[in-house]
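The lines below spell out each chain.
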Amino acid sequence: TFIKRSRVDSLATLVVEAGNFAAKKGDSEFSPRKKLVVDFFQEQAYDAVALGQDELTSPLSEWISAADSGLPIVAANLYGSKKSNKPLFEPYRMVERNDLTMAVVGLVPERAAVKSPDSASVRIRSPYQMKKLFKKLEKKSDVISIIGDFTPQEAESLAKCYPNIDLILSPN
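In this report, we go over the structure that sits alongside the text. (Residues numbered from 1 in each chain as written. Predicted model: local features only at pLDDT ≥ 70, side-chain atom pairs only at ≥ 80, totals over all residues. Heavy atoms only, no water.)

**Notes on the overall build of the protein**
- When helices and strands are counted, the protein shows six helices and eight strands.
- Reading the secondary structure of the protein in the N-to-C direction produces α-β-α-β-α-β-β-β-α-β-α-β-α-β.
- Residues classed as buried in the protein amount to 47% of the 172 residues present.
- Put simply, of all contacts in the protein between residues at least 6 apart along the chain, 70% involve residues at least 24 apart.
- Surface accessibility of the protein: about 8900 Å² in total, with carbon and sulfur atoms responsible for 51%. (Helix = DSSP H or I, 4+ residues; strand = E, 2+ residues; numbered from the N terminus. Buried < 20%, exposed > 50% of the residue type's maximum accessible area, 1.4 Å probe, protein only. Contact = heavy atoms within 4.5 Å. Areas by Shrake-Rupley, 256 points an atom, 1.4 Å probe, with all protein chains shown as cover.)

In structure tokens:
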């Protein structure tokens, strides 16, 4: 497939999903579409997947189960409880291709996290409070990307907050 070929070509390529790939919970297509898309991401060996507002309308336990099954969900600012300092998912993925080390950080906008039926029991940290993480990644990687369900205005604000980020990818 194109995705598999792109990984062996001379370019260092990441395959990611920035969010809003599943229908909203309550939509009749939600369950079959979610399964189809998650299976596709795993079959194609996506490097990282972020959860958007649409995915967060379903219980986080469904996404934890998908991550436990191998879906590479990244969310650096979504924590398992109000007091926890441990993210629910991997905060980032490091990918090495063609002598290039690339970090992919998943961030969840606060406006999207409040849509979760679990919002009362999880802690969301502002995407703008992750400077320590990005300083650490600057030392470990050649390229740093953020993926997440950001509006153009939010993405612009992130770019101003983190000027050393190479790419911000959003479904919007």
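**Re the sheet that holds strand E4 (residues 92-97)**
- Across the sheet, four strands lie side by side as E4-E5-E7-E8; this open sheet has mixed pairing. Two strands bound the open sheet, and with one partner strand each, they are E4 and strand E8 (167-169). Shown here is a sheet whose adjacent strand axes are inclined to one another by a mean of 20°, direction ignored.
- Looking at chain direction, strand E5 (residues 100-106) and strand E7 (residues 143-147) are connected through five bridges and run parallel. In the strand pairing of E7, Val-105 is matched with Ile-146.
- Of the strands in this sheet, E4, E5 and E7 are in contact with helix H5 (residues 131-140), which crosses E4 at around 15°. (Pairing = 2+ DSSP bridges. Axes fitted to C-alpha atoms, helices over the stretch in contact; angles between N-to-C directions.)

**Observations concerning unusual backbone geometry**
- With phi around 65°, Asn-20 is a residue other than glycine that occupies positive phi space.
- Mapped onto the elements of the fold, Asn-20 is located in the loop between strand E1 (16-17) and helix H2 (30-43).
- Overall, Asn-20 belongs to the partly exposed group, its relative accessible area being 23%.

**As for the pairing of E4**
- Relative to E5, E4 is paired through six bridges, and the arrangement is antiparallel. The partner of Met-94 across the bridge, within E5, is Ala-103.
- Where E4 folds back onto E5 in an antiparallel hairpin, the turn is made up of two residues, including Asn-98, whose phi is positive at roughly 50°.

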